[in-house]
Structure formats: C-alpha cells, structure tokens
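A structural walkthrough
Spelled out from the first residue to the last, the chains are:
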Amino acid sequence: MTSTPAISGGCPMGFGAEAPAGHHGYEPFAMENPFPSYAKMRSEQPVMFDERTGLYVLTRYDDVKAVFEDWETFSSENAQAPVRKRGPQAARIMDEGGFTTYSGLSARRPPEHTRIRAIAQKAFTPRRFKALEPMIRQNVRSAIEQMLARGEGHAEIVADLAYSLPTITIVTLIGADISKVDTYKRWSDSRAAMTWGDLSDEEQIPHAHNLVEYWDECQKLVAEAHGTGRDSLTTDLVKAQREGAEISDHEIASLLYSLLFAGHETTTTLISNCVRVLLEHRDAWEALVAEPKQIPKAIDEVLRYSGSIVGWRRKALADTEIAGVQIPQGAEILLLMGSANRDEARFENGEDFDITRANARDHLSFGFGIHYCLGNMLAKLQAKIALEELTSALPQLELVDGDSITFRKNISFRVPDFVNVTLNADPDSLKEA
C-alpha cells in the first residue's frame, strides 16, 4: 500500500458487498472462517484500507498492541459507535425514549476514563468473584444434570449451558433480577446488532426499542441501589459516591449498561468456544480430562486461537503512520486481535492449537493498556468452572458435525450460533463424578 485513500462520510461499495480484488478474501462481517484472509493480510498487506466500512484494518500483533497502548494518538471514542449509522426511525425512537448512554469505560478517554475505572475497580473485586464461585459451580452442575435427565443423549452447549450461566452471574453481581435472564439477553443481542452489525434501517427499529428499555432498566437499578442496602456491585458504587467518589448516577448506570452486556455476552461465547475448540482437538480435551490443572492454560489458548472478540476500533487523533502506511487524522481503525493472536512473529506455529503453548497468555483478546478488560478474571473463572465440571462429568463428550456450526454476522464478535454435542453418559454419571 503506497497511498492513503481519502476518508469520506460514506462507504462507496456499501455494507455487505463482496470483497473487491486485492482485499485478500477479507469479508468484514463474515465470521465463519476469517483466519485464512487474516493470514493473507498479515503477509501481504498488514495495514489495509477497506472501502466498504471506511476502516483501516490492522492484522499484525505488534501493530495492534502498539495502537492499544498509545491511547493519546489512537482514541477509543469510537469503540462503541455504530458501525452502520442509525437510520432516522431508530434514531428518533432512541432520542424520544431518553437513550443518553454511550459507554461505561471502553469508549471513554483519560482523565474521565481514569477516574471512573479507579472507582469501578474498587467495586469489581476478587472478593466478589470468590463469593460467586459456589453459585457458578452449582449452576454448571444443574445444567449438566438437566442435559442428562432429558435422556436424549445429546445437548446444545450454547442453549443448555453457556447462554444462561454468565447472565445469571453478572445479574447477581450487580443486584438485578435473575428472573429476567431472557430479557437481558434480548437487550444484549440488540446492542450487539445495533453497534457492530450490518442492519438495514427497517431492521434497526425493534432493536432501538430494546435499547431504550435496556437503558431504562440500568437507571432503575441505580435508583433502587440508593434506596436499598442490598449487597451488590451497584450498591458498592452508590456507596462510593455517597462517601465522596466522583461518579454520577448517569455514569454508574452507564457502567451497568456495559457490564450487563460485556459481563455475559463474551463469556457465553468463551464457554461455547472452549467446548467447541477442545472437542475439535480431541487430544487436548482428553489431556484436560486426565489433568484438570491444565484448564487455565487451555482457556488462554482458546482465547488466543478463537477469541470471543476478533476486532475492536480506534480513531486516529493526528496524522500518523503504521507499518509504513500514512494514517490521516480522523481515520477509523479496526484492530483485528483475531489475526494478531495468530501472528507467527509472536506465536510460533500460530495457526495451530496447542494447550501447552508457553506464551498463550500474551493474546490480545482482552485488549491491552488502559482499556484492558475489567472483567477478565470473572470470565476466565466461569470458563474454568464449566470445563472442570464438564470434563469430570462428561469425559466422553463429543462434538457433532463441527463443520456445520454457523457464526453470527458481526464486525467484532465471533459468536457460534450452536455447539451440538453427544453426551455419551448416563444420568448417574454426575453423581459418580
């Protein structure tokens, strides 16, 4: 790439157009198997301008990490901006509905980000995670019991385990109503679709209504925390405010808006991907059955090899250069962590899945720098418990037709629609485990 294309207000090819010649097979919203195109871009054009989305696409580890680290040049302000502009009807619904949030932390910049994160960090403590661990483990065991009790001999991991487990966890953490798991999931699906999806103006309308409801709920939770002493993360934030912490009710509600999504959406995908990838690599699954202590390392390798988030955005605040390519001020940048995590300059045989990999934890799936994921420990804890219970109770678990698995169309999240498995166990196996 020797010249810099002009940044315009529109995408001349339109969303959903097939990759033009010279784009190495890269399809922005296609998540079935993006890795061959990632490899070609790393090798042939590590900084590529994609006319369809108006994004500069980065694929190499060192470049992605450097942009994450340099928050002064590469702003996070566009991280939560809709990839496709809201249509007039959706915008009116959200404006009239009082939808005023944007981001809890990921799209905020210092000093605002520094101030709010410091307060949130004190509430988002290992003590709270540890207190949740017995509940998480019991919920996993209950899900496995239900799979076995049906007597069908098969299950679907997303629906039967990964869907509800992280949602119940994050809802309990913030003190919300666990009977509304399906509602929170519906709202979160709408947030993903509206922010990172490729929807027509008409398709946006029901999602806009959902986001108004979602934001109303977050504000309601803060109001309730002011009036009750319930032990929850929301109450901790309100208490900190009362004790002098510089955080407003709107900022607390915005944190909840982010946590109710990020706290379960990516964990649902992580658990699903752990089962899917490990069963695709049978020797790795059997190694964990034999030695469960290897599970934490295996989770990091899944995060590297098939992370929940494969792309995240930044905005250039000044004219700059990345890998010899001139990036103009105002340019929108897509950091493909899903590619960086397989970069063989950082990970030897990066396209191979290896749970013994020494540097798997160097993956960028939780970001890097000041915006490193606040909930990474909770996500990994839930995946760890899920794998401990599954490998113990269902050691002969098998993937059914893994090649048929489809993935939601999205520019950032690689979410499997289903993970079908054969249990190969009887209802008493959990009692014997």
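Residues numbered from 1 in each chain as written. Predicted model: local features only at pLDDT ≥ 70, side-chain atom pairs only at ≥ 80, totals over all residues. Heavy atoms only, no water.

**Describing the overall build of the protein chain**
Under the convention used in this document: Segments assigned H or I by DSSP are reported as helices when at least four residues long, segments assigned E as strands when at least two residues long, and all are numbered from the N terminus. Two things to know: the radius of gyration comes from C-alpha atoms, and the globule rule equals 2.2 Å times the number of residues to the power 0.38. Relative accessibility thresholds used throughout: buried, under 20% of the residue-type maximum; exposed, over 50%; partly exposed, between the two (1.4 Å probe, protein chains only). By definition in these notes, contact holds between two residues if any of their heavy atoms fall within 4.5 Å. Per-residue and other accessible areas follow the Shrake-Rupley method at a 1.4 Å probe size, with only the shown protein chains counted as cover for residues. His is not counted here, nor are the chain ends, while Lys and Arg score as positive and Asp and Glu score as negative. Charge positions are represented by NZ for Lys, CZ for Arg, CG for Asp and CD for Glu.
The number of helices and strands found in the protein chain is 17 helices and 10 strands. In terms of overall size, the protein chain behaves like a compact globule, its C-alpha atoms giving a radius of gyration of 22 Å where 433 residues would be expected to give roughly 22 Å. Its C-alpha atoms give the protein chain principal-axis dimensions of about 65 × 55 × 40 Å. Counting the 433 residues in the protein chain, one finds 54% classified as buried. Long-range contacts, defined here as pairs at least 24 residues apart, represent 76% of the contacts in the protein chain between residues at least 6 apart. Within the structure as shown, the protein chain displays about 17900 Å² of accessible surface, and the carbon and sulfur contribution to it stands at 49%. Averaging the coordinates of the 46 positive side-chain charges in the protein chain and doing the same for the 63 negative ones gives two points 5 Å apart.

**Quick look at helix H14 (residues 295–305)**
With nine of 11 residues buried, H14 lies mostly within the body of the structure. Among the residues of H14, those classed as buried are Ile295, Ala298, Ile299, Asp300, Glu301, Val302, Leu303, Arg304 and Tyr305. Here the buried face of H14 lies against helix H1 (35–44), helix H12 (265–280), helix H13 (282–290) and helix H16 (376–393).

**Here's the deal with a negative patch on the surface**
Just so we agree on the cut-off: Candidates for patches are residues over 30% relative accessible area with no salt bridge; among them, like charges are joined within 9 Å and nonpolar side chains (Val, Leu, Ile, Met, Phe, Trp, Tyr) within 5 Å. Salt bridges are defined by distance alone: a side-chain nitrogen of Lys or Arg within 4 Å of a carboxyl oxygen of Asp or Glu.
Residues Glu344, Glu348, Asp352 and Asp354 make up a contiguous surface patch of negative charge. With respect to the secondary-structure elements, Asp352 resides in the loop between helix H15 (337–340) and H16.

**Remarks on the pairing of strand S1 (residues 47–50)**
So the rule is basically this: For two strands to be treated as a pair, DSSP must find no fewer than two bridges joining them.
Residue alternation in S1 divides its side chains into two sets, Val47 and Phe49 and Met48 and Asp50, and both sets are buried. Relative to strand S2 (residues 55–58), S1 is paired through four bridges, and the arrangement is antiparallel. By the bridge assignment for S2, Val47 is matched with Leu58. Linking two consecutive strands that pair antiparallel, namely S1 and S2, is a turn of four residues; a positive phi of about 75 degrees is found at Gly54 within it.

**Points about the sheet that holds strand S4 (residues 154–156)**
Overall, antiparallel pairing links the three strands, which are arranged S4-S10-S9 in an open sheet. Strand pairing shows two members of the sheet lacking a second neighbour, S4 and strand S9 (398–399), which therefore form its edges.

**Thoughts on the confidence of the model for the protein chain**
Heads up, the condition is: Each residue carries a pLDDT value, the predictor's own confidence for that position, ranging from 0 to 100.
On average, residues of the protein chain carry a pLDDT of 91, and 93% of them reach 70 or more. Segment residues 1–19: pLDDT under 50, and 40 contacts once partners within four positions in sequence are set aside and those in other chains are kept.

**Topic: the pattern of salt bridges**
Enumeration over the complete set of coordinates arrives at 29 salt bridges. For the salt bridge of Arg137 with Glu389, the shortest nitrogen-to-oxygen distance reads 2.8 Å. Residue Arg137 is located in helix H5 (residues 126–149), and its partner Glu389 is located in helix H16; the two are separated by 252 residues in the primary sequence. Assessed through its relative accessible area of 7%, Glu389 is described here as buried. A salt bridge links Glu351 to Arg342; the nearest nitrogen and oxygen atoms lie 2.8 Å apart.

**Some details on the side chain of Ser365**
So the rule is basically this: Nitrogen and oxygen atoms within 3.5 Å of one another constitute a polar contact, given that in protein one can donate a hydrogen and the other can accept it, and given that sequence-neighbouring residues count only through two side-chain atoms.
Looking at the secondary structure, you find Ser365 in the loop between H15 and H16. A polar contact is formed between the side chain of Ser365 and the side chain of Asn341, at a distance of 2.9 Å. When sequence neighbours within four positions are dropped, the list of residues in contact with Ser365 reads Leu303, Arg304, Gly307, Met337 and Asn341.

**Regarding the packing of aromatic side chains**
Note the following rule: Stacked, edge-to-face and tilted are the three classes for Phe, Tyr and Trp ring pairs, Trp counted by its six-membered ring, which pair at centre distances within 6.5 Å; planes under 30 degrees apart are stacked, over 60 edge-to-face, the rest tilted. Two limits define a charge over a ring: the Lys NZ or Arg CZ must be within 6 Å of the ring centre, and within 35 degrees of the ring normal.
Counted according to the given criterion, the structure contains 15 aromatic pairs. Seen from their ring centres, Phe261 and Phe413 are 5.8 Å apart, and the 85 degrees between their planes marks the pair as edge-to-face. Here Phe261, found in helix H11 (residues 249–262), pairs with Phe413, found in the loop between S9 and strand S10 (420–422); they are 152 residues apart in sequence, far enough to count as distant. Residues Phe261 and Phe413 agree in their burial class; the two are buried. In this arrangement the basic side chain of Arg342 is found over the ring face of Phe35, its NZ or CZ atom lying 3.6 Å from the centre. Across from the ring centre of Tyr305, 4.0 Å away, lies the NZ or CZ of Arg342, which sits over that ring.

**Some words on the sheet that holds strand S5 (residues 312–316)**
The mixed open sheet is built from five strands, whose spatial order is S1-S2-S8-S5-S3. Looking along the sheet, the strands with just one partner apiece sit at the ends: S1 and strand S3 (74–75). Where S3 lies against S5, two bridges are found, and the strand directions are antiparallel. Bridging from a neighbouring strand, Ser75 pairs with Lys315 of S5.

**Brief notes about the side chain of Thr268**
Structurally, the position occupied by Thr268 is in helix H12. Take Thr268: its relative accessible area is 8%, and that puts it in the buried class. At 2.9 Å, the side chain of Thr268 and the side chain of Lys185 are in polar contact. Discounting chain neighbours no more than four positions away, the residues touching Thr268 are Ala162, Tyr163, Pro166 and Lys185.

**A few points about the packing of helix H9 (residues 201–227) against H11**
Let me state the cut-off plainly: The convention used is that axes are lines fitted to C-alpha atoms, helices contributing only their stretch in contact, and that angles between N-to-C directions extend from 0 to 180 degrees. What sets the label is the angle itself: under 35 degrees gives roughly parallel, over 145 gives roughly antiparallel, 65 to 115 gives roughly perpendicular, and the rest give oblique. Each crossing gets its hand from how the near helix is turned against the far one by less than a right angle, where anticlockwise is left-handed and clockwise is right-handed. In this count, Pro and Cys sit with the nonpolar residues alongside Ala, Val, Leu, Ile, Met, Phe, Trp and Tyr, while Asp, Glu, Lys and Arg are called charged and the others, Gly among them, polar.
Contact geometry for H9 and H11: axes closest at 9 Å, N-to-C directions at 125 degrees. The orientation of H9 relative to H11 falls into the category oblique. Between H9 and H11 lies a crossing whose hand is right-handed. Residues Leu211, Tyr214, Trp215, Cys218, Gln219, Leu221, Val222 and His226 of H9 lie in contact with H11, whose contacting residues are Asp249, His250, Ile252, Ala253, Ser254, Leu256, Tyr257, Leu260 and Phe261. In the contact of H9 with H11, the residues fall into 12 nonpolar, four polar and one charged.

**As for H16**
Let me state the cut-off plainly: The span you would expect from a helix comes to 1.5 Å times its residue count less one.
Here H16 spans 26 Å end to end across 18 residues, near enough to the 26 Å set by a 1.5 Å rise per residue. Of all 18 residues that make up H16, 15 are buried, and the element is covered over most of its length.

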